[in-house]
Amino acid sequence: MKNVLFVLTSHDQLGDTGAKTGFWIEEFASPYYLLKDKGVNITIASPKGGQPPIDPNSATADFSTPATERFDKDDTTKTILSNSIQLSTVNEANYDAIFFPGGHGPLWDLAEDKDAIALIESFYSANKPVSAVCHAPSVFKHTKDTNGNPLVKGKKVTGFTNTEEAAVQLTDVVPFLVEEMLQANGGVFSRAEDWQPYAVQDGTLITGQNPASSELVAEKLFEML
């Protein structure tokens, strides 16, 4: 059985707007169930451990999908989620791949989290899949390869686009724009139209553009496993 580590944000404040954020349910639920149904064992971690905050917008009917509806009724998974392990206790050697669901939360905590950065670098140097969707490619802000270059330098990547951030009117709220950061770090950024499913793979690095891309990322991850 393959073991995949899901890393979720612990951050619940949308800048200084007073609004709440966290992880986006679809970006967790779609990959979680796709992999779980194929027999993959999943461990959930977060910087603070315990219950990772859910972006309240992602729980509304507007963003309902079969996976989110399944999650709504799945008390077992909700219990597992509420007991996420602390990221600082995780050992890369115990897992075959790592996956980061998005939501705006990771822009504030996971992008700057020393444990997350070290884990990504460890998985990547061990030739294990490293995957992230939507805002979660923000985790590549400070990650380096073994030569000390940005991990995404020269690699095909995608993530939440500048135009998608503008569409949700948070361009001036977020600490940085995912697309701009990936390009500044030398990533070869590509994209589909706003809100369309799109994922790219470059070696063991897999990234997805937006919530609709989360299942595509999980499919590519499973193929690699």
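These lines cover the structure that appears in this document, whether it is placed above or below. (Residues numbered from 1 in each chain as written. Predicted model: local features only at pLDDT ≥ 70, side-chain atom pairs only at ≥ 80, totals over all residues. Heavy atoms only, no water.)

1. Considerations on the packing of helix H1 (residues 25-37) against helix H8 (residues 214-224)
Argument step 1. One can describe the packing of H1 onto H8 by two numbers: an axis separation of 8 Å at closest approach and a directional angle of 35 degrees. Once H1 is placed against H8, the crossing between them reads as right-handed. Facing H1, whose interface residues are Glu26, Glu27, Ser30, Pro31, Leu34 and Leu35, H8 presents Ser214, Glu215, Ala218, Glu219, Leu221 and Phe222.
Argument step 2. Its residues assigned to classes, the contact of H1 with H8 shows six nonpolar, two polar and four charged. (Axes fitted to C-alpha atoms, helices over the stretch in contact; angles between N-to-C directions. Helix = DSSP H or I, 4+ residues; strand = E, 2+ residues; numbered from the N terminus. Left-handed = near helix turned anticlockwise from the far one by under 90°. Contact = heavy atoms within 4.5 Å. Nonpolar A, V, L, I, M, F, W, Y, C, P; charged D, E, K, R; others polar.)

2. Concerning the sheet that holds strand E2 (residues 41-46)
Argument step 1. Here seven strands make up an open sheet; going across it, the order is E3-E2-E1-E4-E5-E9-E8 and the pairing mixed. Only two strands of the sheet have a single partner each, and these edge strands are strand E3 (85-86) and strand E8 (199-202).
Argument step 2. Across two bridges, E2 lies against E3 in parallel orientation. Each residue of the ladder has a partner; that of Ser46, found in E3, is Gln86.
Argument step 3. Along the sheet, helix H5 (residues 114-125) makes contact with strand E1 (3-7), strand E4 (97-100), strand E5 (130-133) and strand E9 (205-208), crossing E4 at roughly 140 degrees. (Pairing = 2+ DSSP bridges.)

3. Some points on the nonpolar core
Argument step 1. Formed by 33 residues in total, the largest nonpolar core has its most connected members in Leu5, Leu87, Ile98, Phe100, Phe140 and Leu182.
Argument step 2. Of all the elements in the fold, those that place two or more residues in this core are E1, E4, H5, E5 and helix H7 (178-184).
Argument step 3. Other than its neighbours up to four places away in sequence, Leu87 contacts Val7, Ala45, Ser46, Pro47, Leu110, Asp113, Asp115, Ala116 and Leu119.
Argument step 4. In terms of nonpolar packing, the next biggest core, distinct from the first, is built from 27 residues, Val4, Val40, Ala67 and Ala97 among them. (Core = buried A, V, L, I, M, F, W, Y, C linked by side-chain atoms within 4.5 Å. Buried < 20%, exposed > 50% of the residue type's maximum accessible area, 1.4 Å probe, protein only.)

4. A look at the side chain of Thr204
Argument step 1. As for its position among the elements, Thr204 is in the loop between E8 and E9.
Argument step 2. Taking relative accessible area as the criterion, Thr204 reaches 8% and is therefore assigned buried.
Argument step 3. Setting aside residues no more than four positions away along its own chain, Thr204 makes contact with Tyr124, Asn127, Lys128, Pro129, Val130 and Met224.

5. Re the packing of H1 against helix H3 (residues 75-82)
Helix-helix packing: each pair is described by the crossing angle between the helix axes and the interaxial distance.
Argument step 1. Closest axis-to-axis distance for the H1/H3 pair is 13 Å, and the angle between their directions is 115 degrees. Judged by the inter-axis angle, H1 sits roughly perpendicular to H3. Where H1 crosses over H3, the two elements pack in a sense that is right-handed. Contacts from Phe28, Tyr32 and Tyr33 in H1 reach Thr77, Ile80 and Leu81 in H3. (Parallel < 35°, antiparallel > 145°, perpendicular 65-115°, else oblique.)

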